[in-house]
Every structure is written in structure tokens, then in C-alpha cells.
Amino acid sequence: MNDATDPSLEFGPYGGRYVAETLMPAVQALGEAWREAWPDEGFRAQYRRILAEYVGRPSPLTPAPRLAERIGAARVLLKREDLNHTGSHKINNCVGQVLLARRLGKTRIIAETGAGQHGVATATVCAYFGLPCVVYMGAVDVERQALNVFRMRLLGAQVVPVHAGSATLKDAINEALRDWVANVDSTHYLIGSVMGPDPYPTMVRELHRVIGEEARAQCLRLTGELPDVVVACVGGGSNAMGIFSGFLDDPGVALVGVEAAGEGLQGKHAATMSKGALGIYHGMRSLVLQDEDGQLQEAHSISAGLDYPGVGPEHAWLRHTGRARYLSVTDDEALEGLRLLSRTEGIIPALETAHAVAALRGLAQEDPSRTLLLNVSGRGDKDMHTVMARHDASGEEEQR
Amino acid sequence: MSGGDEERSRIDEVFAACRAQRRAALVGYLTALDPGREQSLARLRAAVEAGVDVLELGVPFSDPTADGPVVQGAMTRALAAGATLAGVLELAAELRAGWDGPIVLFSYANPLLRLGPAIGERLAAAGIDAVLVVDLPPEHAPELRAPVEAAGVGWVSLVAPTTPASRLPAVARSASAFVYAVALRGVTGATLEIDEELVARLDAIRAHTARPVAVGFGVREPAQAAALAPYVDGVVVGSAFIEAAEQGPAALAAKVSAIRAALTREGEAAR
């Protein structure tokens, strides 16, 4: 063991494996298995085959001319992860991790979920492989994402509501970690974002890299050039890391992450990059919303998937180095973004994605000549209850 | 006894004294400031008067992922009553004024990180003898261990049932105060059964460290403590004490006395 700099801090001062000793061997074994499997052509071929045959990849790149005109941008392109099986990008990661869990001989899968998209994707892939699946979900999220809870149960997963703490995503992760500690020999913990102890942040990014690689090739084919700006929403940050990873080596492409400002940065929010401080939380060293005494603060967002007080360590690093920048968007602005994409392009995005949509107008105003590439991380069906509760339930809008 | 020029630590003194009395030391865990300052102080005093040898004082944390429902509940109550790390250290200092036994601070890493480089002096000034950081494995320990040990405060290392033989030497050696052997897979508050695997594991740990070895997680009843006592230097009890304390200091004292009485090694009873 080395008392010097720890190599598992992969992202400058961020990353690491801050877990209880009981989990340390499992995390190390997972890291070794991952680093062995990912370069293995057999493993890679199986992963790609399932993405093609079952998930429906590649997902299309859709030009959005009416949206571009409305916000004053030269061009907007949409990467359509909402068209994947189960309705979001989450399934890319689930396929890869379940394949890895099988390689490790694990016979049971557990997961946390916020919006329910990761839970549904996990339950789906577990059904596909015939593996038992337990999904932990904050009781508040169980309430606001009832449709996804029903979908998970229909797929044969056991959904466990978590009442502790703020009863949202962070508490679901706490409970999943407790389950993992108790059942570590038989169980794989399928973390749904680029967060947690190494190897998860790297592994989950790599399993979503397909988003960025496809989008880059599609954009070149369609327009003959790279996009100027790539935009994605950030909770833990998996869809953003997925699409960013295709463009990290293209210095001319600006990367923009959009966080949830909730009721505003002076009130309740989930803007970890804007308001967080360095901390150790959920197995990683990263930015965390916390008070001066090191206690985690409750995050707030209308979008359950962004309602998390931490962020993946690589995002903290990309912000640190200046390679990416991070904006924040309030609940109300996100609802506006949801309506904007629905009305201009006939695509109802998830509330998470709606945050990134809402940031487009400002980016267009900075420089109207640019091509903006937006990752449409998920579709909005699951959020209709939440949106209805905030608006006139008739669904009618003022005409514009 | 010592004769050396280095003063022996309170932790060493207590384990040596227990060894002389042919019993295992009782390491008692309570969450600091649960359910509030005055009641917490009364409980801590009741526990040490009733026979806790080493007090393990828990720092309340909002997200205690290694703890079961009993400790989580205690931490939630303490935080609701306004607990802070400064408050915990102040409580320790007040207890220290009337008690000379060792105090081990149990914490998650994040609250301790906020103390910055002054952490060692802050802990030493509060009369803390050692620190146990549950989510800081040896690979990451130096960032806190170095400033803590520089101030003369000891480090407790956790060995888990899942710790492989290849990893054991480094983990065991990283302990400067004592080794805390986690008896079972799972969170605090589960129920332990003592088996040959556990006994073999304890032998393996001792092969790599001369420091005392205490066992915890899942010890709730005197019979379990009695069964463990022949094999260990210390037995850690936490959730069962928190549950007893909720019935008041007298109930806690009774639980402490019952477990303490069970720690004398059979056939070796001291006069």
C-alpha cells in the first residue's frame, strides 16, 4: 500500500474509493474486472450487439430548425437518447454493467433510482437476462414517479421505498450501499451515474461514450463539421459525460453542463457545481452541497433525476480545468424548456433534459452563428403528472 | 511497567489493565448529542460509571451509509437538536474533565475534513485519544491520519470479514491505537454469531499487529460478549447501548453492567 498520491484519484484531486473496508475488496475486484473486460473484443462485441438488437442503437441525430429559429441559433441538432428502449440514455450503462456482473459471477443486481429511468433500465436488463433485481427509491420519488414504479414492478423488480433523510436519490443510494455491504459476495451494485467510488465514474462514462461517438460521426456526416457547443443536463452527470466524451479531444467544441437551480440559487436547488464545496461523499471526493459543518444539504429540483447534492468527480475536474462550463436553470425555466421543445419540434423531453433545452436560448444569444448539439437524454412521459400539477391540467397553452 | 521515556497512552493503559484483570475491555459506542446535549452527557456519564472502558463517541452525520437504523436514528435526532462537530468536541472535553478513560472519536470523513490542517490539535485539545473514520480505507487514510497522529492522537483501523489475506498486513499495520475487526458483513446493529471463521480471522490479524484487537458489529447480548471474550482484547457494543439509553441512563447503566460482567474470561476470573 502506498502512502503517496493515490492513483485511484483519477480526476486531479477528485475521484477515489472512499468506502468502508467491507466494500473495498468488492470495489477493487470490480475495477480489475472492468479494466480487463472493456478492452476484450468478445465483451465489447456482446455489448454492441445488445445495444443494436435490443436498445435500438444508433439513436438518430435530429435537426431542429423550428427550435433554432425560435431561439435565434444558426443550427440546433438533437441527439435522440429518448428513442432508446426504456426512453432514456440510462440503458447503455445497464447493459454493460449487467454483462460485467455476469462475468464476475454475481447473481443479484441492486440499483438506486431518482426519476426512475435508471431503475426501469436496470429492471429491463435484469428481465432480459433473468436476474433478480432490487431497486431503492426515495419515498418522495416513488410518489412523483408513480408510473416508473409501476413499470419496474411489471418488469419483475422489487422496488423498495426509502423514507430516511430527504427520501430522495441520495437516500436511495445510502440504502443501496447498506444492502451491498450486507450482500457483497452475491450482489452487484449497478450505480446509475458517473459517481461513486472508482471504477464507477470511469466505467459509466465509457459505457455511455457511444452517445458522443455516434453524435460526432452523425454531425460530421450531416453538416460536414463539428458542432460548436455540446449541451447536456447534469445531475450525477452520466448523459453529459457520455456525449462530452466524444468531443473532449476537440478543443474547438465548447462543452456546457446544465444543473438544476430549483427555486433559485438563493433558495432550494441542486446546483452542486455552482454552490458545492469539496467533500467526501458516496465513495468519492468531489463537489458536494454541504453546510459549514460537513453535513449534506438537501437538494431540490422539480426533476427527480437532477435532485442530488453531489456530482460525478470528472465533472468537477472538467470545471476545474476549464474544459467544460456549467450553467444552472430553475424549475420554472425548465418547464418553459419542456414546452419549447414540445411545441417547436414535437418532442416532449424529460424534465431533466428540459433544463438543457432551457439553456439553449442564452447560448444562442452569446453567438447566433453557432451549431448547438443538445443531448435529449430522455423522454417526458414519466413527468406528465408533475407538469400537470404545475399547470392548467387541460394542457392548453397561450398561443404564440 | 513502562519505565520508558514515552508516556503510555490511555488506550494502552486500559487494555493492559483489562489484560491484568483477565477480561476483555468493553468498548461502548454512543452517538454524541443524541437526543440533545444534556441528556447525551447524562448517558455518557452513566455508561462510563457503569463500566465502559473505552468510550467510542459518534459524530452525527447526515448520510451514515455504514450504519443500520438504530445509529441512523440517533444521528438524525442529534442533528435535529443542532449537533455540530464543534459541539461534539466540546461535549468530549466536558466528559474528559470528570473521567480519565480513553475516548475514541467515530466519524465519517466529511465532517472531519472541514476541520482542515488544525484537526490534530482540535482533537487533542478536546481530550480525544484516537479516531476511527469509517469511510476512509488505508489507501486514503494518510490525508487525515498524518495530521491526527502528529498531534499525538491514535488511529483505529477497520478490518472487515471481506478483507483478503493479501490486504490484511497493510490494513492491520495502519492501526496505531487498535484494530477494530468488523465481525460481520452488513451495517451496525445486525446480529453476530461467533464461528470458527471469525476466530481464524482474529488469529490472522494478530499475526500482523501487536496492537490490541477489538471486535464489533452485531454484539447485543451478554452471552455473545462472553463467547467473544477469550479471543479478543476488546468487545464493541453500540446499537444495543443506544436502544437501552432511550429508556434512560439507568437502563443504559444496567445494560452496560450486564455486558461488562460477561467479559471476564471463564476459568480465569481475577480476584
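Scroll up a little and you will see the structure.
Counting starts from 1 at the beginning of each chain's written sequence and moves along it residue by residue. Lettering for chains starts from A, numbering for ligands starts from 1, and both go in the order in which the items are written. At least 70 in pLDDT is required for a residue's local features to be given in this predicted model, at least 80 for side-chain atom pairs to be given and counted, and no such filter applies to totals for whole chains, interfaces and linings, which use all residues. With hydrogens and water stripped out, all remaining heavy atoms of the structure feed into the side-chain values.

Q: Describe the overall build of chain A, and please don't skip the residues or the numbers.
A: Numbering goes from the N terminus for both helices and strands, where a helix is a DSSP run of H or I of at least four residues and a strand is a run of E of at least two. Broken down by element type, chain A carries 15 helices and 13 strands. Radius of gyration: C-alpha atoms only; globule rule: 2.2 Å multiplied by the number of residues to the exponent 0.38. A compact globule built from 400 residues should have a C-alpha radius of gyration of about 21 Å, and chain A, at 20 Å, falls within 12% of that. In terms of overall dimensions, chain A has C-alpha extents of about 60 × 45 × 45 Å along its principal axes. Here's how the labels work: a residue is buried when its accessible area is under 20% of the maximum for its type, exposed when over 50%, partly exposed in between, all with a 1.4 Å probe on protein chains only. In chain A, buried positions account for 64% of the 400 residues. Contacts are residue-level and defined by heavy atoms, with any inter-residue pair within 4.5 Å sufficient. Residue pairs in contact within chain A that sit at least 24 positions apart in sequence constitute 74% of those at least 6 positions apart. For chain A, the computed accessible surface area is about 13900 Å², with 50% contributed by carbon and sulfur atoms. Positive charges come from Lys and Arg alone, negative charges from Asp and Glu alone, with His and the N- and C-terminal ends not counted. Every charge is mapped to an atom, namely NZ of Lys, CZ of Arg, CG of Asp or CD of Glu. Seen as two clouds, the 39 positive and the 49 negative side-chain charges of chain A have centres 4 Å apart. Each accessible area value is a Shrake-Rupley result obtained with a 1.4 Å probe; residue values ignore everything except the protein chains displayed when judging cover.

Q: Please give an account of the pattern of salt bridges that cites residues and values.
A: Whenever Lys or Arg places a side-chain nitrogen within 4 Å of a carboxyl oxygen from Asp or Glu, that contact is recorded as a salt bridge. A complete count under the given rule lists 50 salt bridges over all chains for this structure. Linking Asp198(A) and Arg35(A) is a salt bridge whose minimum nitrogen-to-oxygen distance equals 2.9 Å. Here Asp198(A) is found in the loop between β7 (187-189) and α9 (200-223), whereas its partner Arg35(A) is found in helix α1 (residues 24-37), with 163 residues between them in sequence. A salt bridge links Asp185(A) to Arg185(B); the nearest nitrogen and oxygen atoms lie 2.8 Å apart. Here the residue Asp185(A) occupies a position in the loop between α8 (169-182) and β7, and Arg185(B) occupies one in the loop between β7 (179-182) and α9 (196-206), the pair thus bridging two chains. A relative accessible area of 51% means that Asp185(A) is categorised as exposed. For Arg185(B), a relative accessible area of 32% gives the class partly exposed. Residues joined in a network through salt bridges with shared partners are Arg37(B), Glu38(B), Arg45(B), Glu90(B) and Glu94(B).

Q: Explain unusual backbone geometry to me, and be specific about the residues and the numbers.
A: Of note, the amide linkage connecting Asp198(A) to Pro199(A) takes the cis form, showing an omega dihedral of 15°. Take Pro199(A): it is sitting in the loop between β7 and α9. Here the residue pair Asp34(B) and Pro35(B) is connected by a cis peptide bond, since its omega of 0° sits within 30 degrees of zero. Structurally, Pro35(B) can be placed in the loop between β1 (25-31) and α2 (37-49). In the Ramachandran plot, Thr86(A) falls in the positive-phi region, its phi being about 80° despite a non-glycine side chain. Turning to its location among the elements, Thr86(A) is positioned in the loop between β3 (75-80) and α4 (90-103). At Leu33(B), a residue that is not glycine, the phi angle is positive and equals roughly 70°.

Q: Which residues make up the pairing of strand β5 (residues 133-138) of chain A, and what values go with them?
A: Residues and elements named next belong to chain A. β5 sits mainly inside the fold: six of its six residues count as buried. Residues Cys133, Val135 and Met137 point to one face of β5 and Val134, Tyr136 and Gly138 to the other, with burial holding for every one of them. Taken together, strand β4 (residues 108-113), helix α5 (residues 117-129) and β5 form a β-α-β motif whose crossover is right-handed. In terms of strand pairing, β5 meets strand β6 (residues 158-162) through five bridges, oriented parallel. In the sheet register, Gly138 faces β6, and the bridge partner there is Val162. By convention a crossover is right-handed if, when the strands point away from the viewer, the path from the first strand over the helix to the second runs clockwise. Strands are treated as partners if at least two bridges between them are detected by DSSP.

Q: Could you give an account of the interface of chain B and chain A, with specific residues and numbers?
A: Contact with chain B, which involves 42 residues of that partner, is made by 40 residues of chain A. Buried surface at the junction of chain B and chain A, summed over both partners, amounts to about 3200 Å²; 51% is from carbon and sulfur atoms. Joining chain B to chain A, the criterion identifies four salt bridges. For Arg285(A), the salt bridge is made with Glu143(B), and the minimal N-O distance between the two is 2.6 Å. Any pair of nitrogen or oxygen atoms within 3.5 Å is treated as a polar contact; in protein, a donor-acceptor pairing is required on top of that, and neighbouring residues in sequence qualify only through side-chain atoms on both sides. Applying the counting rule to chain B against chain A returns 21 residue pairs in polar contact (both at pLDDT 80 or more). Within the residue set of the side of chain B that touches chain A, elements represented by two or more residues are α3 (69-80), α4 (85-97), α5 (109-113), α7 (142-150), β6 (157-159) and α8 (168-173) of chain B. Tallying contributions element by element places α5(B) first for the side of chain B that touches chain A, with four residues. Classes in brief: Ala, Val, Leu, Ile, Met, Phe, Trp, Tyr, Cys and Pro nonpolar; Asp, Glu, Lys and Arg charged; the others, Gly included, polar. Class assignment of the residues belonging to the side of chain B that touches chain A gives a composition of 24 nonpolar, nine polar and nine charged. Summed over both partners, buried area is the accessible surface (1.4 Å probe) that two parts give up on being assembled.

Q: Quick one: what's the story with the packing of α5(A) against helix α7 (residues 146-154) of chain A, residue by residue and with numbers?
A: Residue and element names in this part refer to chain A. Across the interface, α5 lies against α7 with an axial gap of 9 Å and an inter-helix angle of 10°. Comparing the axis directions of α5 and α7 gives the class roughly parallel. Contacts between α5 and α7 pair Gln117, Gly119, Val120 and Ala123 from the former with Asn148, Arg151 and Met152 from the latter. Residue classes in the contact of α5 with α7 are distributed as three nonpolar, three polar and one charged. To obtain each axis, a line is fitted to C-alpha atoms, and for helices this fit is confined to the stretch in contact; angles are then taken between N-to-C directions over 0 to 180 degrees. When describing relative orientation, an angle under 35 degrees is termed roughly parallel and one over 145 degrees roughly antiparallel, while 65 to 115 degrees is termed roughly perpendicular and anything else oblique.

Q: Outline the sheet that holds β4(A), supporting the account with residue identities and numerical values.
A: All names here are of chain A. The strand order across the open sheet formed by four strands is β6-β5-β4-β7, and the pairing between neighbours is parallel. The open sheet terminates on both sides in strands that have one partner only, identified here as β6 and β7. Direction aside, the axes of adjacent strands within the sheet are offset by 25° on average. Against the sheet, α5 contacts β4 and β5, and its axis sits at roughly 165° relative to β4.

Q: Mind laying out a negative patch on the surface, listing which residues take part and the relevant values?
A: Only residues whose relative accessible area exceeds 30% and that take part in no salt bridge are eligible for patches, with like-charged residues grouped when within 9 Å of each other and nonpolar side chains (Val, Leu, Ile, Met, Phe, Trp, Tyr) grouped when within 5 Å. A cluster of like negative charges, contributed by Glu193(B), Asp195(B), Glu196(B) and Glu197(B), occupies part of the molecular surface. Mapping Glu197(B) onto the fold places it in helix α9.

Q: Help me get a handle on the nonpolar core, residues and values and all.
A: For our purposes a nonpolar core is just a set of buried Ala, Val, Leu, Ile, Met, Phe, Trp, Tyr and Cys residues, chained together by side-chain atoms within 4.5 Å. Counting 192 residues, the largest nonpolar core has Trp180(A) and Leu123(B) as its most contacted members. Broken down by element, this core gets its largest block of residues, eight residues, from α9(A). Ignoring sequence-local partners within four residues, the contact set of Trp180(A) consists of Leu23(A), Ala26(A), Val27(A), Ile110(A), Thr187(A), His188(A), Tyr189(A) and Tyr200(A). With 37 residues, the next largest nonpolar core counts Val258(A), Ala260(A), Leu289(A) and Val357(A) among its residues.

Q: I'd like a rundown of the sheet that holds strand β1 (residues 15-18) of chain A, residues and numbers included.
A: All names here are of chain A. In spatial order, the strands read β1-β11-β10; together these three strands make up an open sheet with antiparallel pairing. With partners counted over all chains shown, the strands left at the sheet margins are β1 and β10 (277-281), one partner each. Across the sheet, the mean angle separating the axes of adjacent strands is 40° when strand polarity is ignored. The pairing of β1 with strand β11 (residues 283-288) spans two bridges and is classified as antiparallel. Looking across to β11, one finds that Tyr18 is bridged to Gly283.

Purely geometric numbers; function is a separate question.
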